[in-house]
Each structure stands twice: as C-alpha cells, then as structure tokens.
Amino acid sequence: GLGGCLYRMNNNKHTEESLACCQEAVRLEPSSAVFHSNLGKALIDVRSDMEGAAREFQEALRLEPDFQEAQQGLAALGEAAVLVGCKHGAVAIL
C-alpha cells in the first residue's frame, strides 16, 4: 500500500505520513494481516508505541497465524522488553 511505498522512500523508516497511511489501510481493510503488521512497524518507528505495535502484530497473527512478519515483530518486541529489564512488558506482549 501507500504506507509501504512511503516507508521504502524514507530509507526503510516510517514517518507520520506513512503511519497515517497504515492506519487508514487498516481502517479500510481490517481483515488484512499485512496491513496490521505494517501498522505495528510504523507505530514502533514513529511513536515508539510498543504496546500498540504488539496489539497490531497480535491481530495480524489472529487473522493469519503463520504470518512470519508479525511473528518476527512480536518476537523483537519481547526481546526489546527483556533488554531494558521490563520483564512485565515481555509477559504483557506475549
């Protein structure tokens, strides 16, 4: 989608503009695991919103349980929580 194009144009980093596009994509097609996963990545890049990202990755996996991008995103969040010593965060994310 457009959010993905903006992501690639900005050296694989999301901006507020690409975040808004990802949010709109989820609004228009809430059954898309790809769009939820993209929104999760954008929430991390733009707002450092780990909880919001975890919710999006989890929704992507609910829609498509074998979706590797969402599995990897959720695993990376768990690793980040452990690295900062936030054991409660790691449990909440899983």
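Presented here is an overview of the structure given in this document.

How each quantity is defined
Residues numbered from 1 in each chain as written. Predicted model: local features only at pLDDT ≥ 70, side-chain atom pairs only at ≥ 80, totals over all residues. Heavy atoms only, no water. Axes fitted to C-alpha atoms, helices over the stretch in contact; angles between N-to-C directions. Helix = DSSP H or I, 4+ residues; strand = E, 2+ residues; numbered from the N terminus. Parallel < 35°, antiparallel > 145°, perpendicular 65-115°, else oblique. Left-handed = near helix turned anticlockwise from the far one by under 90°. Contact = heavy atoms within 4.5 Å. Nonpolar A, V, L, I, M, F, W, Y, C, P; charged D, E, K, R; others polar. Core = buried A, V, L, I, M, F, W, Y, C linked by side-chain atoms within 4.5 Å. Buried < 20%, exposed > 50% of the residue type's maximum accessible area, 1.4 Å probe, protein only. Salt bridge = Lys/Arg side-chain N within 4 Å of Asp/Glu carboxyl O. Expected span 1.5 Å × (residues − 1). Arc of directions from axis to C-beta.

Here the focus is the packing of helix α2 (residues 16-28) against helix α3 (residues 33-47). The packing of two helices is summarised by the inter-axis angle and the distance between the axes. Close contact between α2 and α3 brings their axes to 9 Å; oriented N to C, the two are set at 150°. As judged from the angle between their axes, α2 and α3 are roughly antiparallel. At the point where α2 passes α3, the crossing takes the left-handed sense. When α2 is examined against α3, the residues E16, L19, C22, Q23, A25 and V26 are found in contact with a partner set consisting of F35, H36, N38, L39, A42, L43, V46 and R47. Its residues placed into classes, the contact of α2 with α3 shows 9 nonpolar, 3 polar and 2 charged.

Turning our eyes to something else, we now look at the nonpolar core. Membership of the largest hydrophobic core comes to 16 residues, with the highest contact counts inside it found for L39, F57, F67, A70, L74 and L77. Sorting the residues of this core by element identifies α2, α3, α4 (50-63) and α5 (68-83) as the ones contributing at least two each. With 5 residues, α4 is the single largest residue contributor to this core. Once residues within four sequence positions are removed from consideration, F67 is found in contact with A33, V34, S37, A60 and L61.

Another point: the pattern of salt bridges. The tally for this structure, following the rule as stated, stands at 4 salt bridges. For E59, the salt bridge identified is with R62, shortest N-O distance 2.7 Å. With a gap of 3 residues between them, E59 and R62 both fall in helix α4, about one helical turn apart.

Moving on: α2. Given a rise of 1.5 Å per residue, 13 residues ought to cover 18 Å, and the 18 Å separating the end C-alpha atoms of α2 matches this to within 8%. Within the span of α2, buried status applies to S18, L19, C21, C22, A25 and V26. Across the axial projection of α2, the buried residues extend over an arc of 160°, all falling on one side. With respect to the buried face of α2, the exposed residues turned more than 90 degrees away are E17, R27 and L28.

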